Amino acid sequence: MFTPSCMLDGMEIENVKEDFRDAQRIEQYRVSKTALYIPDGMRWKYIPLKAISQMEESFRVISAGHCVPVREKRPELDLITEAGTVHISLEKQASMQKLMEILRKSRES
């Protein structure tokens, strides 16, 4: 099995393969008690939850169509870490709320 790679140098977690296997799926992402896993092509990368200093609700606008323009607002979560901001694009508002709830609980414990 592959080994997910950490996005922040020096913050790797132990037993990352087991942690990934136990992670809960939220849309295309996976979140565990210790990390948020982000798909990266055929592999995965992760951000340790303890590295997330702040999170902010955001959104992105998707434009489509030429004759009849269509605009759709989609939820996005901005995670602020030492290495910069990571944008987590989601399809459903409920998914963003669920992910934020999990991240808040991990910060409290």
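As a starting point, this report considers the structure included with it. (Residues numbered from 1 in each chain as written. Predicted model: local features only at pLDDT ≥ 70, side-chain atom pairs only at ≥ 80, totals over all residues. Heavy atoms only, no water.)

**So, unusual backbone geometry**
Okay, so step 1: Of note in the backbone geometry, N15 takes a positive phi value of approximately 50° without being a glycine.
Okay, so step 2: Among the structural elements, N15 can be located in the loop between β1 (5-6) and α1 (16-22). (Helix = DSSP H or I, 4+ residues; strand = E, 2+ residues; numbered from the N terminus.)

**Looking at helix α2 (residues 93-108)**
Quick reminder: α-helices carry 3.6 residues per turn. Residues three or four places apart thus point the same way.
Okay, so step 1: Relative to the 22 Å expected for 16 residues at 1.5 Å per residue, α2 spans 23 Å between its end C-alpha atoms, a close match to the ideal helical length.
Okay, so step 2: All buried positions along α2 are accounted for by S95, M96, L99, M100, I102 and L103. For α2, the buried positions fall inside an angular range of 160° around the axis, keeping them on one side. With respect to the buried face of α2, the exposed residues turned more than 90 degrees away are A94, K105 and E108.
Okay, so step 3: Buried-residue contacts for α2 involve β2 (24-26), β3 (29-31), β4 (35-40), β6 (54-64), β7 (70-81) and β8 (84-89). (Expected span 1.5 Å × (residues − 1). Buried < 20%, exposed > 50% of the residue type's maximum accessible area, 1.4 Å probe, protein only. Arc of directions from axis to C-beta. Contact = heavy atoms within 4.5 Å.)

**Quick look at the sheet that holds β7**
The strands making up a sheet are joined through hydrogen bonds of the backbone, oriented either antiparallel or parallel.
Okay, so step 1: Ordered by their spatial adjacency, 3 strands build an open sheet running β6-β7-β8, and the pairing between neighbours is antiparallel. Sheet topology places β6 and β8 at the edges, where each strand pairs with a single neighbour. Neighbouring strand axes in the sheet, compared pairwise and without regard to direction, differ in orientation by 35° on average.
Okay, so step 2: Sheet analysis places β6 next to β7, joined by 11 bridges and oriented antiparallel. Bridging across to β7, I62 finds its partner in E72. (Pairing = 2+ DSSP bridges. Axes fitted to C-alpha atoms, helices over the stretch in contact; angles between N-to-C directions.)

**As for the packing of aromatic side chains**
Okay, so step 1: In the structure shown here, the tally under the stated rule is 3 aromatic pairs.
Okay, so step 2: Taking 5.1 Å as the distance between ring centres and 80° as the angle between the ring planes, the aromatic pair formed by F20 and Y37 counts as edge-to-face. One end of the pair, F20, is in helix α1; the other, Y37, is in strand β4, and 17 residues separate them in sequence. Comparing F20 with Y37 shows no difference in burial state: the two are buried.
Okay, so step 3: Ring centres of Y37 and Y46 lie 5.6 Å apart, and the angle between their planes is 45°; this geometry places the pair in the tilted category.
Okay, so step 4: Judged by its relative accessible area of 0%, Y37 falls in the buried class.
Okay, so step 5: We classify Y46 as buried; its relative accessible area is 2%.
Okay, so step 6: An aromatic cluster is built from F20, Y37, W44 and Y46, whose rings are joined through pairwise contacts. (Phe/Tyr/Trp six-rings, centres within 6.5 Å; stacked < 30°, edge-to-face > 60°.)

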